[in-house]
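Residue-level structural notes
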Amino acid sequence: MVDTDKCFMTTETDCAELKSTAPSLKTLCDHNSGDNLICIRDLSKSYTNNANQSDKGRFDILKAVDFDLAAGETVAIVGASGIGKSTLLHIMGALDRPDSGTFLFRGQDVFSFDNSQLASFRNTSVGFVFQFHYLLAEFSALENVMLPILIQGVDKALASETAEEILVRVGLKERLAFRVTKLSGGEQQRVALARALVLKPDMLLADEPTGNLDRQNSEQVHQLLMELNRELGMTMVVVTHNATLASYMSRQVTIINGKLTKPIRGVLC
Ligand SMILES: Nc1ncnc2c1ncn2[C@@H]1O[C@H](COP(=O)(O)OP(=O)(O)OP(=O)(O)O)[C@@H](O)[C@H]1O
Ligand SMILES: [Mg+2]
């Protein structure tokens, strides 16, 4: 069994050797992190500029990132545009794959899942609010929120009741039957939030959930998120430029030179 403590004290070469003899990265995670919901180790992601296939066009966005998240914890990822916040969030939602590294969710190696396990992870373990909401334009607010429930095989009446309950909670009682194209940007974002929350996932991943909202609606969404965390112990990772929302989270992190680090207070939101 690898002596992981030694990893923190030896040179990078020694550490690489130690890791190569390790039974698996899962062991490192278990050893160091107790019963974390998420354990990310050595995760890297780069993009290559299509117009130029050489290394010159390669952008290393995440570089050997380590990240632990306990169940029930709330984390804000803050920082300047283009530093990789959405990239990291998409990987945590299994919407994108890293180039290398490990992502364990409840001790399970998500990127070793087959397609049906991945679909189930995305549908039931994680609720995702996208930076651009991707609602189905042809459908009403209620129908958009019902869809994830119907996919679970729940009957239509119960799906409708459950979807209505969460839409009322995000302040859209009067807009249930509206086609989403008839809603304001802020209302559309609240429908997206309701859709992400309707199955009460273990973890909410939200990319700028209040990016399009005015102060009053933002505050309403902030309160809702905190209530859900208190009531359901819902774990949350929220990418935000909103300093108030970031301050409600129990922890704030940013990405500097591809590494997760603590933000400098007041500078990075
Ligand atoms: N599919 C892609 N192909 C090539 N480059 C990409 C791709 N997706 C993201 N990038 C690049 O990776 C970098 C990080 O993007 P990302 O969307 O993660 O940034 P961000 O921190 O979320 O920024 P913002 O605050 O503006 O949303 C950016 O420079 C972006 O251009
Ligand atoms: Mg982004």
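Residues numbered from 1 in each chain as written. Chains lettered and ligands numbered in written order. Predicted model: local features only at pLDDT ≥ 70, side-chain atom pairs only at ≥ 80, totals over all residues.

Quick word on the site of ligand 1
This is how the line gets drawn: For each residue, a C-beta atom is placed from the backbone, and the residue counts as near a molecule or strand when that atom lies within 6 Å of it. Per the convention used, a helix needs a DSSP run of H or I reaching at least four residues, while a strand needs a run of E reaching at least two, with both numbered from the N terminus. Note that Gly is not counted as nonpolar here; it falls among the polar residues with everything else outside the nonpolar set of Ala, Val, Leu, Ile, Met, Phe, Trp, Tyr, Cys and Pro and the charged set of Asp, Glu, Lys and Arg.
Ligand 1 sits among Tyr47, Phe59, Ile61, Ser81, Gly82, Ile83, Gly84, Lys85, Ser86, Thr87 and Gln131. Counting residues per element, the ones that place at least two in the shell around ligand 1 are strand S2 (58-69) and helix H4 (85-92). Class assignment of the residues belonging to the shell around ligand 1 gives a composition of four nonpolar, six polar and one charged.

Some points on the nonpolar core
Rules: Linking buried Ala, Val, Leu, Ile, Met, Phe, Trp, Tyr and Cys residues through C-beta atoms within 7 Å yields a set, and such a set is a nonpolar core. Partly exposed residues are those whose C-beta has more than 12 but fewer than 20 other C-beta atoms within 10 Å; 20 or more makes a residue buried and 12 or fewer makes it exposed, with C-beta atoms placed from the backbone. The contact criterion used here is simple: two residues whose C-beta atoms, placed from the backbone, lie within 7 Å are in contact.
Membership of the largest hydrophobic core comes to 60 residues, with the highest contact counts inside it found for Ile77, Val145, Ala194, Leu205 and Val237. Here this core takes six residues from helix H8 (residues 185-197), the largest share from any one element. In contact with Val237, other than residues within four places in its own chain, are Leu69, Val75, Ile77, Leu89, Met92 and Leu205.

Side note on unusual backbone geometry
One non-glycine residue, Asp42, lies in the positive phi region at around 55°. With a phi angle near 55°, Glu208 is a residue other than glycine that sits in the positive phi range. Residue position: Glu208 is located in the loop between strand S7 (203-207) and helix H9 (215-232). Look at Glu208 and you get buried, because 22 C-beta atoms sit within 10 Å.

Re the pairing of S7
Stated precisely, the cut-off is as follows: Being paired, for any two strands, means DSSP has found at least two bridges between them.
In terms of burial, S7 is largely enclosed, as five of its five residues are buried. Side-chain alternation along S7 places Met203, Leu205 and Asp207 on one buried face and Leu204 and Ala206 on a second face that is also buried. Pairing of strand S6 (residues 126-129) with S7 involves four bridges; the strand directions are parallel. The partner of Val126 across the bridge, within S7, is Met203. Both S7 and strand S8 (residues 235-239) contribute to a ladder of five bridges, which runs parallel. For Leu205, the partnering residue across the bridge sits in S8 and is Val237.

Structural notes on the confidence of the model for the chain
Rules: One number per residue, pLDDT, summarises how confident the predictor is, and it ranges from 0 to 100.
The share of residues in the chain with pLDDT of 70 or more is 83%, and the mean pLDDT across the chain is 84. Note on residues 1-27: pLDDT under 50 across the span, and 20 contacts to partners over four residues away in sequence or across chains.

Structural notes on the sheet that holds strand S1 (residues 38-48)
Taken together, the four strands give an open sheet; going across it, the order is S2-S1-S4-S5, and neighbouring strands pair in antiparallel fashion. Among the strands making up the open sheet, the edge pair consists of S2 and strand S5 (108-109). Across eight bridges, the pairing between S1 and S2 is antiparallel. Bridging from a neighbouring strand, Ile38 pairs with Leu69 of S2.

A look at H4
Keep this limit in mind: It is the directions from the helix axis to the C-beta atoms whose arc is reported.
Within H4, the full set of buried residues consists of Lys85, Leu88, Leu89, Ile91 and Met92. Angular distribution of buried residues about the axis of H4 spans 160°; they occupy a single face of the element. At the exit of H4 stands Ala94, carrying a positive phi of roughly 55°.

Details of the sheet that holds strand S10 (residues 259-261)
For the record, the criterion: Helix axes are fitted only over the stretch in contact, all axes being lines through C-alpha atoms; the angle between N-to-C directions runs from 0 to 180 degrees.
With respect to topology, six strands assemble into an open sheet ordered S6-S7-S8-S3-S9-S10, the strand pairing being mixed. On the outer flanks of this sheet lie S6 and S10, each paired with one strand and no other. Mean inter-strand twist for the sheet, computed between neighbouring axes without regard to direction, equals 20°. Of the strand pairs in this sheet, strand S3 (residues 74-78) and strand S9 (residues 251-256) are connected by four bridges, and their pairing is parallel. What sits directly across from Val78, in S9, is Thr254.

Focus: the environment of Gly57
Residue position: Gly57 is located in the loop between S1 and S2. Of the residues examined, Gly57 has 12 C-beta atoms within 10 Å and is grouped as exposed. In sequence terms Gly57 and Tyr47 are ten residues apart; their C-alpha atoms lie 8.2 Å from each other.

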